[in-house]
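Residue-level structure breakdown
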2 protein chains.
Amino acid sequence: MNHAQANTLRIRSVGIGTYRENIIFMHVECPICRAEGFSALTRVVVHHRDRSIVATLNVVYSGLIAHNEAGLSVEAMERLAVKEGDEITVFHLKPISSLSKVRAKIYGRELTDSDFGEIVQDLVAGHYSNIELAAFVTACSGDNLTVHEVIGLTRAMISASEKIAWGSGIMLDKHSVGGLPGNRTTPVIVSIVAAAGLNIPKTSSRAITSPAGTADTVATMTQASLSIEQIKRVVEKENGCMVWGGAVKLSPADDILISIEKSLDIDSAGQMVASVLSKKAAAGSTHVLIDIPVGETAKVRSQEEALKLQYVFKAVAEEVGLHVEIAITDGAQPVGRGIGPALEALDVLSVLRNEQGAPADLREKSIHLAGILLELSGKYSIGTGKDIAAGILDSGKALDKFMSICRAQGGFTEPVLARYNYEVRANADGTVRSVDNRKLARIAKLAGAPRSPGAGILFHSPLGKKIRKGGVLYTIYADTTGELEYARTYAASINEVILLQP
Amino acid sequence: MNHAQANTLRIRSVGIGTYRENIIFMHVECPICRAEGFSALTRVVVHHRDRSIVATLNVVYSGLIAHNEAGLSVEAMERLAVKEGDEITVFHLKPISSLSKVRAKIYGRELTDSDFGEIVQDLVAGHYSNIELAAFVTACSGDNLTVHEVIGLTRAMISASEKIAWGSGIMLDKHSVGGLPGNRTTPVIVSIVAAAGLNIPKTSSRAITSPAGTADTVATMTQASLSIEQIKRVVEKENGCMVWGGAVKLSPADDILISIEKSLDIDSAGQMVASVLSKKAAAGSTHVLIDIPVGETAKVRSQEEALKLQYVFKAVAEEVGLHVEIAITDGAQPVGRGIGPALEALDVLSVLRNEQGAPADLREKSIHLAGILLELSGKYSIGTGKDIAAGILDSGKALDKFMSICRAQGGFTEPVLARYNYEVRANADGTVRSVDNRKLARIAKLAGAPRSPGAGILFHSPLGKKIRKGGVLYTIYADTTGELEYARTYAASINEVILLQP
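**Examining the overall build of chain A**
Secondary structure summary: chain A contains 18 helices and 19 strands in total. In terms of C-alpha radius of gyration, chain A reaches 25 Å, essentially the compact-globule figure of 23 Å for 502 residues. Considering only C-alpha atoms, chain A reaches an extent of 75 × 55 × 45 Å along its principal axes. Scored against the burial criterion, the 502 residues of chain A give a buried share of 60%. Counting only contacts in chain A whose residues sit at least 6 apart along the sequence, the fraction spanning at least 24 positions is 78%.

**Comments concerning the nonpolar core**
Residues A:Phe313 and B:Phe313 are the most contacted members of the largest nonpolar core, which totals 115 residues. Contacts of B:Phe313, omitting those with residues within four sequence positions, involve B:Val177, B:Met272, B:Val273, B:Val276, B:Leu277, B:Ile290 and B:Ile326.

**Regarding the relation of the copies chain A and chain B**
The transform that puts chain A on chain B rotates by 180 degrees and translates by 0.0 Å along the axis, for an RMSD of 0.1 Å. Within this description, the copies of the chain are treated as partners about a two-fold rotation axis. When the interface residues of chain A are mapped onto chain B, 100% of them are again interface residues, pointing to one common binding face.

**Description of the pattern of salt bridges**
All names here are of chain A. This structure, assessed with the given rule, holds 48 salt bridges over all chains. With its nearest N and O atoms 2.9 Å apart, the salt bridge here joins Asp394 to Arg363. Here Arg363 lies in helix H14 (residues 360–376) and Asp394 lies in helix H15 (residues 385–394), a separation of 31 residues in the sequence. When its relative accessible area of 45% is taken as the criterion, Asp394 is described as partly exposed. One salt-bridge network, in which partners are shared between bridges, spans Asp113, Arg155 and Glu319.

**Digging into the sheet that holds strand S8 (residues 172–176) of chain A**
Residues and elements named next belong to chain A. The sheet built from 3 strands is open, its strands ordered S8-S11-S12 with parallel pairing. In the strand order of this sheet, the two ends are held by S8 and strand S12 (323–330), each with one partner. Across the sheet, the mean angle from the axis of one strand to that of its neighbour is 20 degrees, orientation sign disregarded. As judged from the 8 bridges shared by strand S11 (residues 287–294) and S12, these two strands associate in the parallel manner.

**A closer look at the packing of aromatic side chains**
All names here are of chain A. Per the counting criterion, the structure on display carries 3 aromatic pairs over all chains. With a centroid separation of 6.4 Å and an interplanar angle of 75 degrees, the aromatic rings of Phe402 and Phe412 are classed as edge-to-face. One end of the pair, Phe402, is in helix H16 (residues 397–409); the other, Phe412, is in the loop between H16 and strand S14 (420–425), and 10 residues separate them in sequence. The exposure class of Phe402 is buried, given its relative accessible area of 0%.

**Things to note about the interface of chain A and chain B**
Across the boundary between the two partners, chain A contributes 50 residues, which contact 51 residues of chain B. Regarding the contact of chain A and chain B, the summed buried area is about 4400 Å², with carbon and sulfur atoms giving 65% of it. At the surface where chain A touches chain B, the tally comes to 0 salt bridges. The interface formed by chain A and chain B holds 10 residue pairs in polar contact (both at pLDDT 80 or more) in total. Counting only elements with at least two residues in the side of chain A that touches chain B, the list comes to strand S2 (16–17), helix H1 (31–36), strand S5 (51–60), helix H3 (99–106), helix H5 (130–139), helix H10 (252–264) and helix H18 (481–493) of chain A. Ranked by residue count, the leading element in the side of chain A that touches chain B is H5(A), at 7 residues. Looking at the side of chain A that touches chain B, its residues break down into 24 nonpolar, 15 polar and 11 charged.

**Digging into the side chain of B:Gln271**
Residues and elements named next belong to chain B. Assignment of secondary structure puts Gln271 in helix H11 (residues 269–282). What makes Gln271 buried here is its relative accessible area of 4%. Only 3.1 Å separates the side chain of Gln271 from the backbone oxygen of Cys140, close enough to count as a polar contact. Within the local environment of Gln271, its side chain forms a polar contact with the side chain of Ser141, the two groups lying 3.3 Å apart. When sequence neighbours within four positions are dropped, the list of residues in contact with Gln271 reads Val137, Cys140, Ser141, Leu145, Leu153 and Glu261.

**Observations concerning the confidence of the model for chain A**
Residue and element names in this part refer to chain A. Looking at chain A as a whole, the pLDDT averages 92, with 97% of positions reaching at least 70. With pLDDT under 50 throughout, residues 1–5 is counted as low confidence; its partners more than four residues away or in other chains account for 4 contacts. For this predicted complex, the interface confidence comes out at an ipTM of 0.80, alongside a pTM of 0.83.

**Quick word on the environment of B:Arg10**
Residue and element names in this part refer to chain B. Turning to its location among the elements, Arg10 is positioned in strand S1 (residues 8–13). What makes Arg10 partly exposed here is its relative accessible area of 41%. Once the C-alpha coordinates of Arg10 and Ala70 are considered, the two residues, 60 residues apart in sequence, prove to be 6.0 Å apart. With near-sequence residues (within four places) excluded, Arg10 lies in contact with Asn68, Glu69, Ala70, Gly85, Asp86 and Glu87.

**As for the pairing of strand S4 (residues 43–48) of chain A**
Residue and element names in this part refer to chain A. Among the 6 residues of S4, 5 are classified as buried, and the element is accordingly described as predominantly covered. One ladder, built from 6 bridges, connects S4 with S5; its direction is antiparallel. What sits directly across from His48, in S5, is Arg51. Linking S4 back to S5 in an antiparallel pair, the connection comprises 2 residues, with Arg49 at a positive phi of about 50 degrees. Bridge count for S4 against strand S7 (residues 87–92) is 4 bridges, and the pairing is antiparallel. Residue pairing for S7: Val45 is matched across the bridge by Phe91.

**Some details on the sheet that holds strand S19 (residues 498–501) of chain B**
Residues and elements named next belong to chain B. In space, the 3 strands of this open sheet follow the order S17-S15-S19, with antiparallel pairing throughout. The strands lining the two open edges of the sheet, one partner per strand, are strand S17 (466–467) and S19. Pairing of strand S15 (residues 430–435) with S17 involves 2 bridges; the strand directions are antiparallel. Its bridge partner lying in S17, Gly430 is registered against Ile467.

**With respect to the layout of surface pockets**
All names here are of chain B. Put simply, the second largest pocket is a space of about 450 Å³. Val424, Arg425, Asn427, Leu473 and Glu496 are, among the 19 residues lining the second largest pocket, the residues nearest its centre. The set of elements that each furnish at least two residues to the lining of the second largest pocket consists of strand S14 (420–425), strand S18 (472–478), helix H18 (481–493) and S19. By residue number, the principal contributor to the lining of the second largest pocket is S14, which donates 4 residues.

**Topic: the packing of helix H5 (residues 130–139) of chain B against helix H10 (residues 252–264) of chain B**
Residue and element names in this part refer to chain B. Where H5 contacts H10, the two axes come as close as 10 Å, and the packing angle between them is 85 degrees. When the axes of H5 and H10 are compared, the pair comes out roughly perpendicular. Facing H5, whose interface residues are Asn130, Leu133, Ala134, Phe136, Val137 and Thr138, H10 presents Ile256, Leu257, Ile260, Glu261 and Leu264. Here the contact of H5 with H10 is composed, by residue class, of 8 nonpolar, 2 polar and 1 charged.

**With respect to the environment of A:Lys101**
All names here are of chain A. In this fold, Lys101 is placed in helix H3. Judged by relative accessible area, Lys101 falls into the partly exposed class, the value being 23%. Along the primary structure Lys101 and Phe116 are separated by 15 residues, whereas in three dimensions their C-alpha atoms are 8.2 Å apart. If near-sequence neighbours (up to four positions away) are discounted, Lys101 is found in contact with Leu111, Asp115, Glu118 and Ile119. For Lys101, the side chain forms a polar contact with the side chain of Asp115, separated by 3.5 Å.

**Concerning helix H13 (residues 341–352) of chain A**
Residue and element names in this part refer to chain A. Taking 1.5 Å as the rise per residue, H13 with 12 residues should run 16 Å; its terminal C-alpha atoms sit 17 Å apart, in good agreement. With 11 of 12 residues buried, H13 lies mostly within the body of the structure. Buried within H13 we find Pro341, Ala342, Leu343, Glu344, Ala345, Asp347, Val348, Leu349, Ser350, Val351 and Leu352. After H13 finishes, the residue Asn354 shows a positive phi value of roughly 50 degrees.

The rules behind the values
- Residues numbered from 1 in each chain as written.
- Chains lettered and ligands numbered in written order.
- Predicted model: local features only at pLDDT ≥ 70, side-chain atom pairs only at ≥ 80, totals over all residues.
- Heavy atoms only, no water.
- Helix = DSSP H or I, 4+ residues; strand = E, 2+ residues; numbered from the N terminus.
- Rg over C-alpha atoms; globule rule 2.2 N^0.38 Å.
- Buried < 20%, exposed > 50% of the residue type's maximum accessible area, 1.4 Å probe, protein only.
- Contact = heavy atoms within 4.5 Å.
- Core = buried A, V, L, I, M, F, W, Y, C linked by side-chain atoms within 4.5 Å.
- Least-squares fit on C-alpha atoms with pLDDT ≥ 70 in both.
- Salt bridge = Lys/Arg side-chain N within 4 Å of Asp/Glu carboxyl O.
- Pairing = 2+ DSSP bridges.
- Axes fitted to C-alpha atoms, helices over the stretch in contact; angles between N-to-C directions.
- Phe/Tyr/Trp six-rings, centres within 6.5 Å; stacked < 30°, edge-to-face > 60°.
- Buried area = accessible area lost by both parts, 1.4 Å probe.
- Polar contact = N/O pair within 3.5 Å; in protein donor to acceptor, adjacent residues only side chain to side chain.
- Nonpolar A, V, L, I, M, F, W, Y, C, P; charged D, E, K, R; others polar.
- pLDDT = per-residue confidence, 0-100.
- 1 Å grid on protein atoms, 1.4 Å probe; cavity = no way out; pocket = protein on both sides within 12 Å on 5 of 7 lines; lining within 4 Å.
- Points joined across faces, edges and corners; volume = space filled by probe spheres on them.
- Parallel < 35°, antiparallel > 145°, perpendicular 65-115°, else oblique.
- Expected span 1.5 Å × (residues − 1).

Below is the structure:
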C-alpha cells in the first residue's frame, strides 16, 4: 500500500492482557482513526517488519496514549514481536473471504475440504474475532457436521499443524472422549506399554470443559510442556512420554477452537473427532485406542450414541491414514477417587505403587486398555494383552518406567492438594444408587480445578456403597476461601449429586 | 454476600471504549484477583449502590491502575453510573442458567416460550459475553427456528421492551425486509399517509448489514433520535413521525442481537420476524404492511421463499395481536439511484418535490405501498388507495407534511454528500442485463456507509439501459481517501457488479 507512511504509529506499552483476542488501543483523535474512518470494534491489520496480526480496535479517550501512538494488548505485542517505541503500520482489514463459508454453514450448506482449509488457515492466522470464532464453533456443533465435513475439518486441521516425524514403526496412542470425572488411566497405560518396550509418545490436552485434562494432571508431577526436540529425546530413551500437546502447537487450530468451546461449555461430536484425530496424526501416531465411556451423565449417554461416534471415528481415521480401535467402557460414575489435577495424580501414583487402598476401578480399567494396546501393536497375540499388562503393573516395572519418564521430562514431584477443604455429608442412611458426573465436575470446577491444580473433589461414594447419616459423600478442595465457598454454595443449592436409597 | 468488604475496589477512569461488552481492568496483583482466583477472560459481577453489571476481566500488568483500583470501560462506567473515585464491589458470576437453554438449542432441541424469556432477560441485563451472544445468534440463524420458536422469541422480546401506548384507534406501520440497496420508500410513504390524516408513528432501525437503514437516511435530514414523549408530541401534531427505534429502546434485546448479526454479516428469517414484529408491537402499531422485495441478489431470492416468510410473519403476528399485510415486490435491482444515507435522502426529496429527474421506480413503489396502507386503514375503499396516494404526492401535500414532520422533529437540513468520489465506467458498449445488489451494497459499505452518512453509491445503470464504452455505471462517494481507495480496490477486484450484454 502506498499510504503506509501516513499509517505509522509508535507503540506504547499499556500492559493490558486480553487473552487470545488481539486488541489495539488508538486515541479517538488519532489522525489514522480520522483519515481511515476507523471506529470502535473495527478490526484492523497491524504490521511490523515481516509480521502482521489482525486486532480489534478499542478507542482511547484519555491520556493513556498520545495521538500518534498505539497500545497493543500484552499477547498481541508478543505475537507481533514489538516493544515500546517500535513503529507499526495500521491498515483496514480486507473482507475475510472464508467468513462467507462460515455463513454458508450457518445457513445449512455442507462445506467442502477446501472450505474448511480456508477457514482453518484464516483462524490460525488470527483473522477471526471472538464473535466470528463463536459463530463457526456453534455452526459446527451438535449434529451439524456430516462425516464428509468432519473429514474436511480434520484434514484442514492436520494441514495447519506442526508434525512430529518418527521414522518407521508402530506408534501407539490412546485417547478418552471424556465426560467422566477422574478416569485418569493415561499415565498408568503409558507406563505399562512403554515398559513392554512399545512406543507410546503420548500428547494430551488440558481440560476443555472438565475439571482436569491428562496434561493438567501430569503437570502436577513432572514437566508437561516440552518442545518437539525434547519429546523426541524422552521417547528415544524411554519409549513413552506424557506431555501437553498444546505446548508444541500440534494443532494450533484446535487450541483456538477449544478455547471457544470452553467459554461456551459445549463439546460437539464432529469437532471432537476432528480435534482428536488431527492431533494424533500430527503427533505421528499410527495406532490409536479411543476410550468411549458411556453413562447417563457422561459425555456419551447411550450405547447407540457410542456406536455412532465409533462409526465417525473409524470413517475419518481411515481417510487420514490412522488405525483406530474403540473401547466402549462403563461411564456410570467417576473412575478413581480424585477429581481435579493433583487429586487424580494421587490416584495414579497409588495404582502404580500397588498401594493397598489404590482405586480398584482405575487399576482394572488401565490394565484393560493397556492390554488392548499391547495386542494392537501386533507384538502380543490376541487374548494375552490383559495378563501381560497386569504382570507389568504388579511387578513394579510400570512404576519404574513412570519415574524414568518423569525424570526424562525434567524430574518427579509429589502432587500437592489445595489448602482448604469442606466435607459434604449424607443427611440420612442409604445405599448409593446414582452419581451425577456433570454436577460433580461442575463443583470441582467452581472450586478452582483445573486452574488451581490442587483443587477439586475427593469422591467417597461409589455406586452400591452403604453410607450412614453424617458419613462423608465427597470432600471439596480449594486454594482460596472464596472458591471453596463458591463451590460449597453451589453444591448446597442443587439436588442429588449422589442419590442414596434408604 | 458477607465478604463484600474484602471485594471493594476504587474506580480509576482509564478512558478506554470497548463498545457493547463491559470490560473491567484489574491489576494482576490485586488482592481480589488473588483471593477469588480470577483470571483473564473471567466474567464478574460489579456492584455500585443499587446497580450491577457483568463485565469481562482484562488483567493489567502495568501501573495503569493500582492494586486496590479497578478500571471500567467508558460504556461500563455509564451503565453502572460510576465516576473516578467511587467504590465498587466485585463478585464471581454465578453460572447463568439460561445458557443451558442456548446449549440445548445448539444441540438441536426446540426451545419453549419460557426458555426464550429467560435468555432474553439475561441478555438484556448484559449477562452474556460477546462469545455467548454470537453462539445464540448463530444457533437461531438459517432455518433453525420453528414457527413456535419465532413466536416464543417475539413474545420474549416484546416483554423486554419499553412500550408506547397510543390509546385506541388504528396505528399504521410499514417495514421492508430489505436486502435491496436504495429502496428508501418510508419517508415518502409516511408523508403521504400522514397527509391523508391517518396515524403512522414510524420507528425505523439503523442499517444491520446494509449501507443504510431508514433511520440513517432520516438522520441526514432531521433529528431521528427522539424520546417517547417527543415522539408522542410529533405524532399528535402531525399524525406521523420518522424516528430511530433504537433511541427509545423499543426493543433492547433486538439492539443487542442486531449488533452481533452485523458483526457476523448474517440475517436470519426467524430472528428478522421476531425483531420486526416485537418492535412493531412495542411501538403500539396495530396494522403493519411488510414489503418483501424478491430478486436473485436481494435478501429474499425466490417467490417460494417470500411465501414462506409471509407465512411466518402472518402466523407470528396473529399470536401477538398484530394485523399484517404483505406486499411481495420486485427486488431485481436498486430502487432509486442513491445507496447510502445522504444519497438515498436526495432521492426521497427529489420524489417528494416532484422534480423532473426524480427516480420513477421509487415514486411508483412509494405510491403502491402508501395505497395499500390507505386501504388497510379502512378509511379508503379497496382499489382507490393508489390514486389517492398519487394525488397527495402530486399536489405537494406530501412534501408539506414531510417538512412539517421534520420541523416537529427538530428542523430540516439538506443532506450532504461525501467529499470524494470516483466514477466506475463501462469498458465496452452494452445493455444492462443484471445488477448484483450484494456487491453494490458491499462497495457502498466499504466506502464508509452508513457510518459516514455522505458515503455510498450513485447508481446510473438500471436494467435495460444502453451504455456506451466509458459511460458511468456508478459513482462511489467517500469521506476519506482511504475509504474511497478501499472501495475502489474491492470494486476492481470483483467481476460483474453490472452485467452488460453487447
